[in-house]
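Chain by chain, the residues run as shown.
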Amino acid sequence: MTRDEAFFEFLLRMGDNTLILGHRVSEWCGHSPVLEEDIALANTALDLIGQTQMWLGLAGEIEGKGRSADDLAYLRDAWDFRNVLLVERPNGDFGQTIMRQFLFDAWHSLMLGRLMQSSDTRVAEIAAKASKEAAYHLERSADLVVRLGDGTAESHARMQAALDDHWPYTGELFLSDAADKAVAEAGLAPDPASLKEEWDEMVTRVLTEATLAIPEGAYVHKGGKAGTHTEHLGYILAQMQWLQRAYPGATW
Amino acid sequence: MYAQMVKSTGKGIKSREEMTDEERQFQDRVDADEKIEPKDWMPEGYRKTLIRQIGQHAHSEIVGQLPEGNWITRAPTLERKAILLAKVQDEAGHGLYLYCAAETLGVSRDELMEKLHSGDMKYSSIFNYPTLNWADIGAVGWLVDGAAIMNQVPLQRTSYGPYSRAMIRICKEESFHQRQGYDIMMKMAFGTEDQKKMAQDALNRFWYPSLMMFGPSDKDSVHSAQSMAWKIKINTNDELRQKFVDQTVPQAEYLGLTVPDENLKWNEETGHYEFTEPDWSEFFEVIKGNGPCNKERLGARVKAWEDGAWVRDGLMAHAEKKAAKVAAE
């Protein structure tokens, strides 16, 4: 694997994470528990889609085959998507959506913080912009996890169930493969494993305040980063890519 | 126009002689274009009519998220997706300002929500029509927001301060939305044959429902006369509808699209277009609940509210625990 191949792979992972999570969050539009949440969820989705444009735009540039961010988003099949499985998991109830968001935001903000030191200035610039948004996302999702975890008996039970469901999908965020090692060696991005300790600390602190129990058992569902996804991704893409696929060559 | 057929409670306008001193002073302030603020004295009818009107407008904004939200996950490019998300977020924000404006009149947001969910309060008839192809998202911006602006621009001068200020912010965003909608229409109308077909199909379906947004003719309505005297309604429905048609027909011509009205023609003498009135029996059916999407739209909002009850309860419980802790310290 050349340096640029690894770099491309890394950029797809960043962009596909934000694209697929943005898609999921946008499904809430008009259906959330309170008006303020409709606004906040749309805003989060909007940030994530904006970040996708930057990551996939740079990915196309590094690949050098003339593919735009839209080409990458709309014209790849599921096996070419590189997002972690966590972000494609269905929204479930509001608690599941917020818990998924929190677990991702905690990783995302750490990752972006480190990417601001990337040896590639384009990466550092995207990270600088995105990290401001991610910090806000984390503040909000952590706050909601605490308030709902330590709310009523029902909200507590729902948040605990959400945590138990999502937990086995968090390990994939910290797995390193050959591409991760190559970009880490080139100083482009941190080794994902190096974020684990800080993430554990951050997540433990919030979950403890939320009176939630961290699940035992270390089983990790993985595959997304290498293109082996859950059944859910196919449906997301069928919906997202439909117009581009049905009317090839049209401009919108 | 997001508030249709709002009934005032009065039985017509009182003459100055019939008014009490307070009513006379109030009317003088309105006539002098002074803004009425929440703590000022106001006739009970004014307050009630405004609650209905602002509440209906707020409900329209939040129900209006649904037909457009319907296309967010299928938007054809990342940029279109981002624009649509931003737009729908704006609509929810408009809902928020308007509920806040209504709250200054002594009604809570929860009370208004309950009235929406029980069917006691309505939202604009337009949101009971489906968005069936991508050009519909263009048509909603161009025609639906275009029609809304016709009504909302004059309402920036409405007599009630909080409503007027909300309307000023809303109008800025709405005119942006309208341009974005027209931009989609241009891409579609000047695109491939298939895209052109989508654009024409969208115009065919949204034309008459957009004309209905202004409500039936109200030139003889006592409710409208009272609202106009109070400056919470500035123009008659027919005036606004005519203005909308006059503005929109040349825009459709520029796009090379056909307005679905065989009787549409320019009248040199009046300086206005002549056009066919929408089918008002359809309008009344939609208002009654028989539109193509009434059940889905209201059902979606009720479901969101009911499914979200545990979240609202959880947040309240946490806030109470926290307050109790602070009090104990």
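Below: a short report on this structure. (Residues numbered from 1 in each chain as written. Chains lettered and ligands numbered in written order. Predicted model: local features only at pLDDT ≥ 70, side-chain atom pairs only at ≥ 80, totals over all residues. Heavy atoms only, no water.)

**A word on the overall build of chain A**
Heads up, the rule is: The secondary structure listing takes helices from DSSP runs of H or I that are at least 4 residues long and strands from runs of E that are at least 2 residues long, numbered from the N terminus. With the radius of gyration taken over C-alpha atoms, the globule rule is written as 2.2 Å times the number of residues to the power 0.38. By definition, residues are in contact when any of their heavy atoms lie within 4.5 Å. Each accessible area value is a Shrake-Rupley result obtained with a 1.4 Å probe; residue values ignore everything except the protein chains displayed when judging cover. Asp and Glu count as negative and Lys and Arg as positive, but His and the ends of the chain are not part of the count. By convention, the charge on Lys lies at NZ, on Arg at CZ, on Asp at CG and on Glu at CD.
Within chain A one finds 10 helices and zero strands. In chain A, the succession of α and β elements from N to C terminus is α-α-α-α-α-α-α-α-α-α. Over its C-alpha atoms chain A spans a radius of gyration of 18 Å, differing by no more than 12% from the 18 Å that the globule rule assigns to 252 residues. In terms of principal-axis extent, the alpha carbons of chain A reach across some 55 × 40 × 30 Å. Summarising the internal contacts of chain A: among those between residues at least 6 apart in sequence, 83% fall at separations of at least 24. Carbon and sulfur atoms provide 53% of the accessible area of chain A, an area that totals close to 9700 Å². Considering chain A, the positive charge centre built from 22 side chains and the negative charge centre built from 39 side chains are found 3 Å apart.

**Overview of the interface of chain A and chain B**
Many structure descriptions define interface size as the accessible area lost when the parts assemble. Using the following cut-off: Here's the idea: put two parts together, see how much 1.4 Å probe accessible area each one loses, and the total over both is what we call buried area. Salt bridges are counted wherever a side-chain nitrogen of Lys or Arg sits within 4 Å of a carboxyl oxygen of Asp or Glu. Residues are sorted three ways: Asp, Glu, Lys and Arg are charged, Ala, Val, Leu, Ile, Met, Phe, Trp, Tyr, Cys and Pro are nonpolar, and all the rest, Gly among them, are polar.
Taken together, the contacts link 48 residues of chain A with 47 residues of chain B. When chain A packs against chain B, close to 4100 Å² is buried across both sides, 69% of that on carbon and sulfur atoms. Salt-bridge contacts for Arg301(B) lead to Asp38(A); the nearest nitrogen and oxygen are separated by 3.5 Å. Elements represented by at least two residues in the side of chain A that touches chain B include exactly helix 1 (3–26), helix 2 (35–63), helix 3 (69–74), helix 5 (94–115), helix 6 (121–149), helix 7 (153–166) and helix 10 (232–246) of chain A. Of the residues forming the side of chain A that touches chain B, the biggest block, 11 residues, is contributed by helix 2 of chain A. Residues that form the side of chain A that touches chain B fall into these classes: 24 nonpolar, 15 polar and nine charged.

**A short note on the packing of helix 1 of chain A against helix 8 (residues 178–185) of chain A**
Residues and elements named next belong to chain A. Here is the rule: With axes taken as lines fitted to C-alpha atoms, and helix axes fitted only over the stretch in contact, angles between N-to-C directions fall between 0 and 180 degrees. In what follows, roughly perpendicular refers to angles from 65 to 115 degrees, roughly parallel to angles under 35, roughly antiparallel to angles over 145, and oblique to any angle outside these ranges.
Following both chains from N to C, one finds helix 1 and helix 8 inclined at 105 degrees, their axes separated by 9 Å at the closest point. What the angle tells us is that helix 1 and helix 8 run roughly perpendicular. Facing Ala6, Phe7, Glu9, Phe10 and Arg13 of helix 1, the residues of helix 8 in contact are Ala179, Asp180, Ala182 and Val183. Looking at the contact of helix 1 with helix 8 residue by residue, the classes come out as six nonpolar, no polar and three charged.

**Observations regarding unusual backbone geometry**
Residues other than glycine predominantly adopt negative phi, and peptide bonds predominantly adopt the trans conformation. Residue Thr211(A) is not a glycine yet carries a positive backbone phi of 60 degrees. Inspection of the secondary structure assignment puts Thr211(A) in the loop between helix 9 (196–209) and helix 10.

**A few points about the pattern of salt bridges**
Residue and element names in this part refer to chain A. Keep this limit in mind: Under the scheme applied here, a residue whose accessible area is under 20% of the maximum for its type counts as buried, over 50% as exposed, and between as partly exposed, the area being computed with a 1.4 Å probe on protein chains only.
Summed over the entire model, instances satisfying the criterion amount to 40 salt bridges over all chains. A salt bridge links arginine 13 to glutamate 9; its shortest N-O distance comes to 3.5 Å. Linking arginine 13 with glutamate 9, this pair stays in helix 1, spanning four residues, or about one helical turn. The same class applies to arginine 13 as to glutamate 9, namely buried. A salt bridge links arginine 147 to aspartate 143, with the nearest nitrogen and oxygen atoms 2.8 Å apart. Pair noted here: arginine 147 and aspartate 143 are both in helix 6, with a separation of four residues, about one helical turn.

**Regarding helix 8 of chain A**
Residues and elements named next belong to chain A. Cut-off, in case you're wondering: Throughout, the arc means the angular range of directions from the helix axis out to the C-beta atoms. What qualifies as a polar contact is a pair of N or O atoms within 3.5 Å, subject to a donor-acceptor requirement within protein and to the restriction that residues adjacent in sequence count only when both atoms come from side chains.
Listed as buried for helix 8 are Ala179, Asp180 and Val183. One side of helix 8 carries all its buried residues, which in axial view fall inside an arc of 100 degrees. Seen from the open side of helix 8, the exposed residues pointing more than 90 degrees away from its buried face are Ala178 and Glu185. Packed against the buried residues of helix 8 are helix 1. The backbone nitrogen of alanine 179 lies 3.1 Å from a side-chain oxygen of the residue at the head of helix 8, namely aspartate 177.

**Regarding the environment of Leu112(A)**
Residue and element names in this part refer to chain A. Turning to its location among the elements, leucine 112 is positioned in helix 5. As for leucine 112 and leucine 138, which are separated by 26 residues in sequence, their C-alpha atoms are 12 Å apart. Setting aside residues up to four positions removed in sequence, leucine 112 forms contacts with Met14, Trp55, Ala127, Ala130, Ser131 and Ala134.

**Thoughts on the environment of Leu98(B)**
Residues and elements named next belong to chain B. When you line up the elements, leucine 98 lands in helix 4 (residues 78–103). We classify leucine 98 as buried; its relative accessible area is 0%. With 65 residues separating them along the chain, leucine 98 and tyrosine 163 place their C-alpha atoms 7.2 Å apart. Every residue in contact with leucine 98, bar those within four places of it in the chain, is listed here: Ile54, His57, Ala58, Glu61, Tyr163, Ala166, Met167 and Ile170.

**Let's talk about the packing of aromatic side chains**
Inclusion rule: Here is the rule: rings of Phe, Tyr and Trp (six-membered ring for Trp) pair when centre to centre is within 6.5 Å. Planes less than 30 degrees apart are stacked, more than 60 are edge-to-face, and the remainder are tilted. Here, a charge over a ring means that NZ of Lys or CZ of Arg falls within 6 Å of the ring centre while also lying within 35 degrees of the ring normal.
According to the stated counting rule, one finds 18 aromatic pairs over all chains in the structure shown. A centroid spacing of 6.1 Å and a plane angle of 40 degrees characterise the contact between Trp242(A) and Trp71(B), whose relative ring orientation is tilted. Within this pair, whereas Trp242(A) is found in helix 10, its partner Trp71(B) is found in the loop between helix 3 (65–69) and helix 4, the two belonging to separate chains. Classification of Trp71(B) by relative accessible area gives buried; the value is 1%. Here the aromatic rings of Trp266(B) and Tyr273(B) are separated by 4.9 Å at their centres, their planes lie at 70 degrees, and the arrangement is edge-to-face. A relative accessible area of 41% means that Trp266(B) is categorised as partly exposed. A residue is classified by how much of its surface remains accessible, and Tyr273(B), at 12% relative accessible area, is buried. A network of ring pairs unites the aromatic residues Phe26(B), Trp41(B), Tyr46(B), Tyr160(B) and Trp230(B) as a single cluster. Between Arg76(A) and the ring centre of Phe81(A), over which it is positioned, the NZ or CZ distance is 4.2 Å. Over the face of the ring belonging to Trp305(B) we find Arg312(B), whose NZ or CZ atom lies 3.5 Å from the ring centre.

**Overview of the side chain of His229(A)**
Residue and element names in this part refer to chain A. Here histidine 229 shows up in the loop between helix 9 and helix 10. According to the relative accessible area criterion, histidine 229 is buried, its value standing at 18%. Within the structure, the side chain of histidine 229 is placed 2.7 Å from the backbone oxygen of phenylalanine 81, a separation counted as a polar contact. At 2.8 Å, the side chain of histidine 229 and the side chain of glutamate 88 are in polar contact.

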